[in-house]
Amino acid sequence: MKTGRYFIGTNTCGLVDMVIWSTLYPVLAKESSLSSVTRSKCPKVADWFEDLLADKQFAQAVTKVTASCGFTPFQVYFKGDIFMVRPATPPPGADPPTSPEEVLAVEQADIEEAVAAWNRDPAEAPKPRILEHPILPVEGERNILITSALPYVNNVPHLGNIIGCVLSADVYARFCRLRNYNTLYICGTDEYGTATETKAMQEGVSPQELCRKYNALHKEVYDWFNIKFDHFGRTSTTEQTEICQDIFWRLHKRGFISADTVEQLFCENCQRFLADRFVEGICPFCAYEDARGDQCDKCGKLINAVELKNPRCKTCAKQPHIKSSSHLFLDLSK
């Protein structure tokens, strides 16, 4: 704002300005109860806010986005009028709120607390708590357990993995810590499954060696991105194994595990049943010649391995045959 008219430092209204303007509307709009305090503390920001409000380009953009409704949507959702006072407990038999105003309505105590917090000296803010390991639940406090979907261990994580797997959880964990909640954020590498075995065969190492290698790579990448896990573990640890086996045996003893037979492809040369990832063949839907046993990469359709035409073992390239195998299932009907 020192070198240009807008936040992006040029004389052109940009996305950054639109986002910041929309975010500040609740505290800078003249209808807001916080407007006078905010404007007195941040006069340059207030001037920018008014300039942008009168900018034709900005007005045209808002009109286009809001389907010719102009500033009405902003006024409905951001101006001070939405802070309606309602009873702490709805009257018996009252219908649930339906309009945006009812849904967004807050109590008078919430408004007063927000105003007081806005005017409070930052030095008076609570100091972040220092969590000591092991982080355990504390009676009488807000205990928050946060977990990410476990990243698979057969590759090096990329941006898509981080954004879709751990970043959102990390942001929420940071928020909880700032709120001084007793927070535990855990994650780890998923090290079981045929994908690990396949990758180990490709690299000429044992599955255990592969898991050890990629677990270290995963941790290094997450550390570089400053992802703040309280604990980053592995599914292959002794503790994890004991927990999984205990769950299985408790289910088994209660009769929740049932046995059944499944038709699978069996390779006589390798003397083993072939998991989906160990089979390739011709897709029954689009005739793609290198379809996997679980999905065709060309047409995207899911496949049952026994449906492949001219299937071949991915390990030895021999043609397997269909054979029955016994499996254990969790009986969800019980």
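As the structure is a computational prediction, the values presented were derived from the model and not from experiment. (Residues numbered from 1 in each chain as written. Predicted model: local features only at pLDDT ≥ 70, side-chain atom pairs only at ≥ 80, totals over all residues. Heavy atoms only, no water.)

Engineer: Whenever I open this one, unusual backbone geometry confuses me. Can you help?
Structural biologist: With the exception of glycine, most residues fall at negative phi, and the peptide bonds are largely trans. Cis peptide bonds are those with omega within 30 degrees of zero, and the linkage from His133 to Pro134 qualifies with 0°. Within the element layout of this structure, Pro134 appears in the loop between α7 (108-119) and β1 (143-147). Its identity is not glycine, yet Asn226 carries a phi of approximately 60°, on the positive side. Within the fold, Asn226 resides in the loop between α10 (207-224) and β3 (231-234). The phi angle at Asn310 is positive, at roughly 50°, despite the residue not being glycine. Taking relative accessible area as the criterion, Asn310 reaches 53% and is therefore assigned exposed. (Helix = DSSP H or I, 4+ residues; strand = E, 2+ residues; numbered from the N terminus. Buried < 20%, exposed > 50% of the residue type's maximum accessible area, 1.4 Å probe, protein only.)

Engineer: So what exactly am I meant to see when it comes to the nonpolar core here?
Structural biologist: It is characteristic of soluble globular proteins that their nonpolar side chains tend to be buried jointly. Ile146, Val166, Tyr185, Tyr222, Ile227 and Phe229 are the most contacted members of the largest nonpolar core, which has 16 residues in total. Those elements giving two or more residues to this core turn out to be β1, α8 (159-178), β2 (182-189) and α10. Here this core gets six residues from one element, more than from any other, and that element is α8. Setting aside chain neighbours within four positions, we find Ile146 in contact with Ala169, Tyr172, Ala173, Cys176, Thr183, Leu184, Tyr185 and Ile186. Membership of the second largest hydrophobic core comes to twelve residues, among which are Cys267, Phe278, Ala291 and Ile303. (Core = buried A, V, L, I, M, F, W, Y, C linked by side-chain atoms within 4.5 Å. Contact = heavy atoms within 4.5 Å.)

Engineer: Hey, could you run me through the state of the cysteines in this one?
Structural biologist: In a disulfide, the sulfur atoms of two cysteines are held together by a covalent bond. Counted according to the given criterion, the structure contains zero disulfides. Free cysteine: Cys270, not disulfide-bonded; nearest cysteine sulfur from Cys316 at 3.7 Å. There is no disulfide at Cys316, and the cysteine sulfur nearest it, in Cys267, is 3.5 Å away. Owing to a relative accessible area of 22%, Cys316 belongs among the partly exposed residues under this scheme. (Disulfide = S-S within 2.5 Å.)

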